[in-house]
Amino acid sequence: MSMAMFIQHLFNALTLGSLYALIAIGYTMVYGILRLINFAHGEIFMLGAYFVFWGVTLLHLPWFLAVIVAIAVTSLTGVLVDRVAYRPLRDAPRISALISSIGVSFFLQNLAIVVFSAIPREVQRPGWLVDIIVVGKVRILPLTLVVPVLSFLLMLGLLFIVYKTKPGLGMRAISKDIETSRLMGVPVNRIIALTFGIGSALAAASGIMWALRYPQLQPVMGVIPGFKAFIAAVFGGIGSIQGAVLGGLILGIMEIMIVAFLPTLAGYRDAFAFVLLIIILLVKPTGLLGEKLEDKV
Amino acid sequence: MEDKRKRNLILNGLLVGAFALFLFWAQVNLDGYKIQIMNLIAVNIILALSLNLIYGFAGMFSLGHAGFMAIGAYTCALLIMPPLQKQALFILEPAMWPFSVMHAPFLVAVILAGLMAALAGILIGLPVLRLGGDYLGIATLGFAEIIRVLANNLPRMTNGALGFKGIPDYANIWWNYGWCFITLVIVVRLVNSNYGNALKAIRDDEVAARAMGINTFRYRLTAFAIGSFFAGVGGALLGSLLTTIDPKMFLFLLTFNVLMIVVAGGLGSITGTIIAGVIITVLLEWLRIVENPITIGEFYIPGIPGMRMVVFSLALLFIILFRRQGIMGRKEITWDTVFALFRKRGVEK
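Note that the coordinates shown come from a computational prediction; the quantities given were computed from them, not determined experimentally.

S.K.: How do you make sense of the overall build of chain A when you look at a structure like this?
M.R.: Check the secondary structure of chain A and you find 12 helices and 4 strands. Compactness check: chain A gives a C-alpha radius of gyration of 19 Å against a globular reference of 19 Å for 297 residues, within 12% of the reference. Counting all 297 residues of chain A, 54% fall into the buried class. Relative to all contacts within chain A whose residues are 6 or more apart in sequence, the contacts with residues 24 or more apart total 75%.

S.K.: I tried to follow the packing of aromatic side chains on my own but got confused; where do I start?
M.R.: For any pair of aromatic rings, the description consists of the separation of the ring centres together with the inter-plane angle of the planes. Per the stated rule, a full pass over the model turns up 32 aromatic pairs over all chains. Pairwise contacts between aromatic rings join Phe-39, Phe-106, Phe-227 and Phe-274 of chain A together with Phe-252, Phe-256 and Phe-312 of chain B into one cluster. Note that Arg-213 of chain A overlies the ring of Tyr-214 of chain A, its terminal NZ or CZ placed 5.0 Å from the centroid. Lying across the ring of Phe-217 of chain B, Arg-130 of chain B places its NZ or CZ 4.4 Å from the centre.

S.K.: Explanation requested: the interface of chain B and chain A in the structure shown.
M.R.: Opposite the 39 residues of chain B that make contact, chain A presents 41 residues. Interface area, chain B with chain A, both sides summed: about 3,400 Å², of which 82% is carbon and sulfur. Contact with chain A buries area across many residues of chain B, yet Asp-134, Tyr-135 and Ile-138 of chain B alone supply 18% of it, more than any other trio. For the pair chain B and chain A, the number of links is 1 salt bridge. Put simply, Asp-134 of chain B and Arg-94 of chain A hold a salt bridge, and the shortest N to O gap is 3.0 Å. Linking chain B with chain A are 5 residue pairs in polar contact (both at pLDDT 80 or more). Within the residue set of the side of chain B that touches chain A, elements represented by two or more residues are α5 (106–128), α6 (133–153), α12 (252–265) and α15 (307–322) of chain B. A total of 13 residues in the side of chain B that touches chain A trace back to one element, the largest contributor, which is α6 of chain B. Residues of the side of chain B that touches chain A, tallied by class, amount to 31 nonpolar, 5 polar and 3 charged.

S.K.: What is the right way to read the environment of Gly-26 of chain A from this model?
M.R.: Residues and elements named next belong to chain A. Locating Gly-26 in the fold gives a position in helix α1 (residues 3–34). Along the backbone, Gly-26 and Ala-244 are 218 residues apart, and their C-alpha atoms lie at a distance of 8.9 Å. If we skip the residues at most four places from it in the chain, Gly-26 touches His-41 and Gly-199.

S.K.: What exactly am I supposed to notice about the environment of Ile-80 of chain B here?
M.R.: Residue and element names in this part refer to chain B. By the element assignment, Ile-80 lies in helix α3 (residues 65–80). For Ile-80, a relative accessible area of 0% translates into the label buried. With 90 residues separating them along the chain, Ile-80 and Tyr-170 place their C-alpha atoms 9.0 Å apart. Apart from residues no more than four positions distant in its own chain, Ile-80 is found in contact with His-103, Ala-104, Phe-106, Ala-109, Ile-167, Pro-168, Tyr-170 and Ser-240.

S.K.: Where do I start with the domain arrangement of chain B in this structure?
M.R.: Frequently, the measure chosen for interface size is the accessible area that the parts lose on association. All names here are of chain B. The domains assigned to chain B are domain 1 (1–29) and domain 2 (31–268). Placing a centre on the C-alpha atoms of domain 1 and another on those of domain 2 gives a separation of 28 Å. With 9 residues of domain 1 at the contact, the number on the domain 2 side is 7 residues. Roughly 650 Å² of surface becomes buried between domain 1 and domain 2 when both sides are summed, with 83% attributable to carbon and sulfur atoms. The largest share of the area that domain 1 buries against domain 2 comes from Leu-23, Ala-26 and Gln-27, three residues that together contribute 59% of it. For the pair domain 1 and domain 2, the interface holds 0 salt bridges. For the pair domain 1 and domain 2, the interface holds 1 residue pair in polar contact (both at pLDDT 80 or more). Residue classes in the side of domain 1 that touches domain 2 are distributed as 7 nonpolar, 2 polar and no charged.

S.K.: Whenever I open this one, the nonpolar core confuses me. Can you help?
M.R.: Where a protein is soluble and globular, its nonpolar side chains tend to be buried together. Of all hydrophobic cores here, the largest spans 198 residues; its most connected members are Phe-39 of chain A together with Phe-164 of chain B. Not counting residues up to four positions away in its chain, the partners in contact with Phe-164 of chain B are Tyr-74, Ala-77, Leu-78, Met-81, Leu-89, Phe-90, Met-157, Thr-158, Asn-159, Thr-243, Thr-244 and Ile-245 of chain B.

S.K.: Help me understand the packing of helix α10 (residues 223–236) of chain A against helix α11 (residues 241–261) of chain A, please; the structure alone is not making it clear to me.
M.R.: In a pair of packed helices, the angle between the axes and the distance between the axes together describe the arrangement. Residues and elements named next belong to chain A. Across the interface, α10 lies against α11 with an axial gap of 7 Å and an inter-helix angle of 120 degrees. As judged from the angle between their axes, α10 and α11 are oblique. You can see that α10 and α11 cross each other, and the crossing is right-handed. Two secondary-structure elements touch here, α10 through Lys-228, Ala-232, Ala-233, Phe-235 and Gly-236 and α11 through Gly-243, Ala-244, Gly-247, Gly-248, Ile-250, Leu-251 and Glu-255. Looking at the contact of α10 with α11, its residues break down into 6 nonpolar, 4 polar and 2 charged.

S.K.: Just checking my understanding: could you explain the side chain of Thr-144 of chain A for this structure?
M.R.: All names here are of chain A. Positionally, Thr-144 belongs in helix α6 (residues 143–164). Among the polar contacts made by the side chain of Thr-144, one reaches the main-chain carbonyl oxygen of Leu-141 at a distance of 2.6 Å. In this view, Thr-144 contacts Phe-11, Asn-12, Thr-15 and Arg-213; residues no more than four positions away in its chain are not counted.

S.K.: Honestly, a nonpolar patch on the surface in this entry has me stumped. Any pointers?
M.R.: Residue and element names in this part refer to chain B. Taken together, the side chains of Leu-107, Val-108, Ile-111, Leu-112, Leu-115, Tyr-170 and Trp-175 present a nonpolar region at the surface, about 570 Å² in accessible area. It is α5 that provides the largest number of residues to the nonpolar patch, a total of 5 residues. Within the secondary structure, Ile-111 is located in helix α5.

S.K.: What is the right way to read the side chain of Ser-18 of chain A from this model?
M.R.: Residues and elements named next belong to chain A. Position of Ser-18 relative to the elements: it lies in helix α1. Within the local environment of Ser-18, its side chain forms a polar contact with the backbone oxygen of Leu-14, the two atoms lying 2.7 Å apart. Sequence-distant contacts of Ser-18, that is, excluding residues within four places in its chain, are made with Val-147, Pro-148, Ser-151, Met-155 and Leu-249.

S.K.: Mind showing me how you'd approach helix α9 (residues 194–204) of chain B here?
M.R.: Because an α-helix completes one turn every 3.6 residues, residues spaced three or four positions apart along the sequence face the same direction. Residues and elements named next belong to chain B. Among the residues of α9, those classed as buried are Tyr-195, Gly-196, Ala-198, Leu-199, Ile-202 and Arg-203. Relative to the axis of α9, the buried residues are bounded by an arc of 160 degrees and lie together on one face. On the buried face of α9, the contacting elements are α2 (32–57), α8 (173–192), α10 (206–211) and α11 (216–242).

S.K.: Would you mind showing me how to read the pattern of salt bridges here?
M.R.: Residues and elements named next belong to chain B. One pass over the structure, following the stated rule, counts 14 salt bridges over all chains. Between Lys-34 and Asp-31 there is a salt bridge, with the nearest N and O atoms lying 3.6 Å from each other. Overall, the relative accessible area of 44% leaves Lys-34 in the partly exposed class. Here Arg-330 ties to Asp-204 by a salt bridge, and the two come within 3.5 Å at their closest N and O atoms.

S.K.: Is there a simple way to explain unusual backbone geometry in this structure?
M.R.: In this model, Trp-97 of chain B is joined to Pro-98 of chain B through a cis peptide bond whose omega is 5 degrees. The residue Pro-98 of chain B is located in the loop between α4 (83–89) and α5 in this model. Positive phi is not limited to glycine here, since Ser-117 of chain A has a value of about 70 degrees. By the element assignment, Ser-117 of chain A lies in the loop between α4 (94–116) and β1 (121–122). Using a relative accessible area of 21% as the deciding quantity, one classes Ser-117 of chain A as partly exposed. At Asn-159 of chain B, a residue that is not glycine, the phi angle is positive and equals roughly 60 degrees. Position of Asn-159 of chain B relative to the elements: it lies in the loop between α7 (155–158) and β1 (164–165).

Parameters and conventions
Residues numbered from 1 in each chain as written. Chains lettered and ligands numbered in written order. Predicted model: local features only at pLDDT ≥ 70, side-chain atom pairs only at ≥ 80, totals over all residues. Heavy atoms only, no water. Helix = DSSP H or I, 4+ residues; strand = E, 2+ residues; numbered from the N terminus. Rg over C-alpha atoms; globule rule 2.2 N^0.38 Å. Buried < 20%, exposed > 50% of the residue type's maximum accessible area, 1.4 Å probe, protein only. Contact = heavy atoms within 4.5 Å. Phe/Tyr/Trp six-rings, centres within 6.5 Å; stacked < 30°, edge-to-face > 60°. Lys NZ or Arg CZ within 6 Å of the ring centre and 35° of its normal. Buried area = accessible area lost by both parts, 1.4 Å probe. Salt bridge = Lys/Arg side-chain N within 4 Å of Asp/Glu carboxyl O. Polar contact = N/O pair within 3.5 Å; in protein donor to acceptor, adjacent residues only side chain to side chain. Nonpolar A, V, L, I, M, F, W, Y, C, P; charged D, E, K, R; others polar. Domains from an automatic or database assignment. Core = buried A, V, L, I, M, F, W, Y, C linked by side-chain atoms within 4.5 Å. Axes fitted to C-alpha atoms, helices over the stretch in contact; angles between N-to-C directions. Parallel < 35°, antiparallel > 145°, perpendicular 65-115°, else oblique. Left-handed = near helix turned anticlockwise from the far one by under 90°. Patch = residues over 30% accessible without salt bridge, like charges linked within 9 Å, V, L, I, M, F, W, Y side chains within 5 Å. Areas by Shrake-Rupley, 256 points an atom, 1.4 Å probe, with all protein chains shown as cover. Arc of directions from axis to C-beta.

Next up, the structure:
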């Protein structure tokens, strides 16, 4: 493989990795706080992508405005899902909330089929994102530069919220001990809603960029990226934001590079992540950066 | 005590006999569509009973049912299709030996299908059953997805994405209800035995069970293997019933449908599973109406694709939010409760 090819693959890998990372953050934040695998997160990702393209094609909004509106609406959807389907189950066995999230996932997916129809829709991409830049022998899609940079900025923003603001302090407190946080006066339900809002906003951002990178919209488009991002979160250490980012990047790079170096395995692309998941769960269930969770029996 | 046992045995025999008569009647009098629904009910009950054994009684949250069903369905289909038919079917790449030549009668094929699924259950269970709760769920889901990707990528065994068409339709009402009966008897005997008590003890408090000297891992693994066996049997019957299988059939949605029956019926209730199996299978078929166009007089209502699953997933959400224990909770309908009901009514009169 030539150097130029390798660099191109690397850009693709970083793009895919940062898209996974953005979704993984939502999983890891919710898991960190509620110990809930939010199955519906992949559908939130899908909704974000659909909302933008509806904003652009139906409401004729300019791109940047459509993006902001779509992220806001998706974020609210995430909060609504928590309010309706998860909050009533806070005191129920943990698996109940998990089953509820599976229900929400199928509900949103099929609602999208009803409303948007199951026919895949093509995405019209702005030219400046897809006109290939040639540097020497390397041909780069501008999108693959924009996505990692934007994702990086979003993650910095998130880290700021989590580590430098009062609601962020609340989030960290709840993830340590929800009961004590409540007693100490942390508005638990509001902070959890905020967590869902932020996680969903990042998923929406990822969904929008995903739709630009792989220009097709489908109601089931969130399923596989959702699973993989969850695996990335487990890989990085569930509950840890830095871990989710690291896990997402590694998973993205691995996926692109395995297919690039071993093209015969391309058909198994969707299985890598699951094999990785089973291996991690067996070898190091706490992941790369995860804290040791005490056995919650 | 001994009298009651005798009474229950006689009553159960009568019930099975009456049901067999009903099947005779149904076979003669019902149309193909209704028979098909009855067949689906039997298969769904087998699948749901096996998941209830794994999740409801042994407390292992498994989302891998579609994977075991796929293994069962492919094994059985490869065995019951005659070699000549397979030669014509494998158009991508010719089938590999021994898949190209193997052939077996339906009964043997279904049993082998179950055994293959049980073997897979043991192989995947050995590493992942140490995990608890949601992690086990996600790991078994990963297993099912891996099976599906394999089915897509091993054209010399599975005919790739095309799958199999024209699988012999041996799975008639007698086979399906026969297997349903076998599953029911085995699961009931298991959960009411000493073994079943140990399983329930593990489910309710693993640490305490271990302290009582129960080898929790071995118990869980056997329960998982037996559950996988019947999931494989269910998959085998489903393949023969529908006469066509392909990797797309074994998506997570399939597991979701089975899970829905178990949750709706009540985790750890066998009669609940049967009741929910009937209701949900009928409901799922009935809901197809909303996806088909209807013409009422001059009004034409176009079908709404996706609406069926919207209603279905909403139903699951309502159950989990408002009646988490399902229809039956952990209770069972037994002859005792039936008689008690009559007695109470008698007193009121």
